[in-house]
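Geometric and topological summary
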Amino acid sequence: MSTKDLSQSIMRRKPIDDIEEENKHSGLMKSLGLWQLTAIGVGGIIGVGIFSLAGLVAHGSESEPGVGPAVLFSFLIAGLASAAAALSYAEFAGMIPRAGSAYTYGYVALGEVIGWFIGWDLLLEYIAIVAVVAIGISGYFDAFLTGIGIQMPVWMTSTPDEGKGGIVNIPAIVVCLIVTWILSRGTRAFGRFELVAVAIKVVLILFIIGLGIFYIDTNNYNPFMPSGFGPVLAGSATVFFAVFGYDAMSTAAEEATDGKKHMPKAIILSLIIAMLLYVAATLVLTGMQNYQDIDPKAGFASAFTGVGLPVIATIISVFAVLSILTVMLTFLLGVTRVWFSMSRDGLLPGWFAKTDHHGTPQRVTWIAGVASALLAGVFPIKAVADLTNIGILAAFVVVCLAVIIFRYKKPDAPRAFRLPFMPLVPAFGVLASAFLMFQLHWETWARFGVWLVVGLVIYFGYGRKNSLMNPNSPRHEEAVEMHRPLA
């Protein structure tokens with residue numbers, strides 16, 4: 001194959017006009033309305049960010065100094081970067097309501113190889129997110145047991161990297177498998193569970209904020225930025241994990257009753273709700289307890305224990321476990337739908353795209369669930385959080401670039417939502433996301449690079465040849481027979 005042919009094959013774009021027809025044959029069940037979608041978005045955004053990462057960044061770690069009450073600025077910086085990306089996602093979601101999210105947007109606007117890289121990137125990142133949230137849950141579960149007088153053996157509640165004598169994080173493994181089972185029951189059951197669980201979560205956070213206000217000691221705000229602005233920026237790269245989730249929710253677009261109308265609204269609503277709660281919660285947390293005394297794995301539980309309310313700390317630990325489950329569910333949904341979409345497009349084996357009578361791709365659901373359980377069992381929370389952030393930030397860069405390019409290449413394409421101030425908003429999203437990426441440690445970049453190289457090998461060894469967009473693909477005729485129009 002000549003260099004020109006190779007370039008044309010990897011840059012082929014998925015026609016936007018084919019997507020609606022493909023959706024009719026997806027096998028996925030359409031059962032999610034606006035408020036269920038918003039609940040999935042809020043469920044994905046709010047969770048470990050408030051209950052674990054806020055305390056971790058405020059307190060600091062062996063490699064990073066604590067930022068103290070200035071963790072509020074870390075959240076706001078991350079939130080601004082996320083907002084620009086959220087508007088870009090909203091425009092695409094209202095135009096291309098298809099499973100796959102950033103993978104599909106990149107495929108349509110920038111070409112197959114870019115779509116592949118983002119899809120391959122998201123497979124790792126979403127699985128890692130499920131793992132890091134499971135680690136956060138295990139910290140609150142351990143705090144709950146301690147509160148009722150039960151001490152679990154250290155070897156089964158922490159990993160070797162934490163320096164506590166741990167071997168494996170069994171609670172994190174177990175919760176990954178429980179969440180996988182819930183998602184395997186089908187989208188309708190999952191949507192109902194998510195709506196109820198998110199409502200409980202929001203009530204819990206409002207309760208924490210409302211009660212915590214009465215125990216704020218303003219002396220804890222001095223110094224407000226104990227380590228300078230540099231660590232605040234580094235902290236924003238870590239807590240960025242806490243200000244996305246709408247991207248995983250957008251992978252459920254094919255399961256929405258009216259994806260073009262509801263997806264943009266759900267994306268914007270979920271981010272607004274989350275940021276308001278984050279700002280209030282971080283101020284309460286760092287006001288209740290000196291940042292040096294905050295437990296980095298169970299911040300609010302330690303804060304209420306510190307002010308003499310151990311019973312409240314125990315209650316928070318119980319409900320934190322339930323509320324953080326929604327984050328795991330959202331991102332496990334995300335990885336399975338991206339995987340499903342890539343397999344349906346022929347870039348991965350079609351075996352993964354099979355759905356059952358629930359309209360659920362069971363094979364990828366359980367494979368992803370078990371993989372996240374293994375990751376949660378052996379890696380420390382910060383290493384996994386940073387790994388997820390670099391991948392999601394890379395996806396945000398691509399989506400923000402893609403929305404600019406697609407607006408000018410396809411200006412007349414029907415859009416249910418048009419982001420304002422084009423191209424300033426998505427350009428800011430590109431720069432902010434890239435800036436946050438460069439705040440991450442070189443080891444995170446190294447792991448990310450290795451994963452992308454593995455993906456490159458798989459794409460050229462399998463995906464490019466078997467893509468349904470390739471007229472010579474063995475699956476091309478299969479797609480034609482299933483009445484999927486191809487360019």
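None of these values were measured; they are calculated from a predicted model. (Residues numbered from 1 in each chain as written. Predicted model: local features only at pLDDT ≥ 70, side-chain atom pairs only at ≥ 80, totals over all residues. Heavy atoms only, no water.)

Focus: the pattern of salt bridges
Note the cut-off: For this document, the term salt bridge refers to a Lys or Arg side-chain nitrogen within 4 Å of an Asp or Glu carboxyl oxygen. Per the convention used, a helix needs a DSSP run of H or I reaching at least four residues, while a strand needs a run of E reaching at least two, with both numbered from the N terminus. For every residue, the accessible area obtained with a 1.4 Å probe (protein chains only) is divided by the maximum for its type, and the residue is called buried under 20%, exposed over 50%, and partly exposed between those limits.
All told, the structure shown has 6 salt bridges when counted by the stated rule. In this structure, Arg-12 engages Glu-112 in a salt bridge whose closest nitrogen and oxygen atoms are separated by 3.0 Å. Residue Arg-12 is located in the loop between α1 (3-10) and α2 (19-23), and its partner Glu-112 is located in helix α7 (residues 112-147); the two are separated by 100 residues in the primary sequence. Comparing Arg-12 with Glu-112 shows no difference in burial state: the two are buried. A salt bridge links Arg-447 to Glu-443, with the nearest nitrogen and oxygen atoms 3.9 Å apart. Placement of both Arg-447 and Glu-443 in helix α18 (residues 442-466) is noted, with a separation of 4 residues, approximately one turn of the helix. Judged by its relative accessible area of 38%, Glu-443 falls in the partly exposed class. Through salt bridges that share partners, Glu-91, Arg-407 and Arg-415 make up one connected network.

Here we look at helix α3 (residues 34-45)
What counts is decided by this rule: Helix span is expected to be 1.5 Å times the residue number reduced by one. The contact rule is simple, with two residues in contact once any of their heavy atoms fall within 4.5 Å.
Here α3 is 12 residues long and its end C-alpha atoms lie 17 Å apart, about the 16 Å a rise of 1.5 Å per residue gives. Within α3, 11 of the 12 residues are buried, which leaves it mostly tucked inside the rest of the structure. Those residues of α3 that sit buried are Leu-34, Gln-36, Leu-37, Thr-38, Ala-39, Ile-40, Gly-41, Val-42, Gly-43, Gly-44 and Ile-45. Where α3 is buried, its residues meet α9 (187-212), α11 (246-249), α12 (259-288) and α14 (310-344).

Some thoughts on the environment of Ala-371
Mapped onto the fold, Ala-371 is located in helix α15 (residues 362-378). In this structure, the C-alpha to C-alpha distance between Ala-371 and Val-130, residues 241 residues apart in sequence, is 9.6 Å.

Here's the deal with the packing of aromatic side chains
The test is simple: A pair of Phe, Tyr and Trp rings is counted when the ring centres sit within 6.5 Å of each other, with Trp represented by its six-membered ring. The angle between the planes then sorts it: under 30 degrees is stacked, over 60 is edge-to-face, the rest tilted.
Scanning the entire structure with this criterion turns up 16 aromatic pairs. Centroid distance Tyr-89 to Phe-396: 5.5 Å. Interplanar angle 65°. Geometry classified as edge-to-face. On the criterion of sequence distance, the pair formed by Tyr-89 in helix α5 (residues 71-95) and Phe-396 in helix α16 (residues 381-409) is long-range, its members being 307 residues apart. Look at Tyr-89 and you get buried, because its relative accessible area is 0%. Classification of Phe-396 as buried rests on a relative accessible area of 0%. Judged by centre distance (6.1 Å) and plane angle (45°), the ring pair of Phe-92 and Phe-406 falls under tilted. With Phe-92 in helix α5 and Phe-406 in helix α16, the pair connects residues that are 314 residues apart, well separated along the chain.

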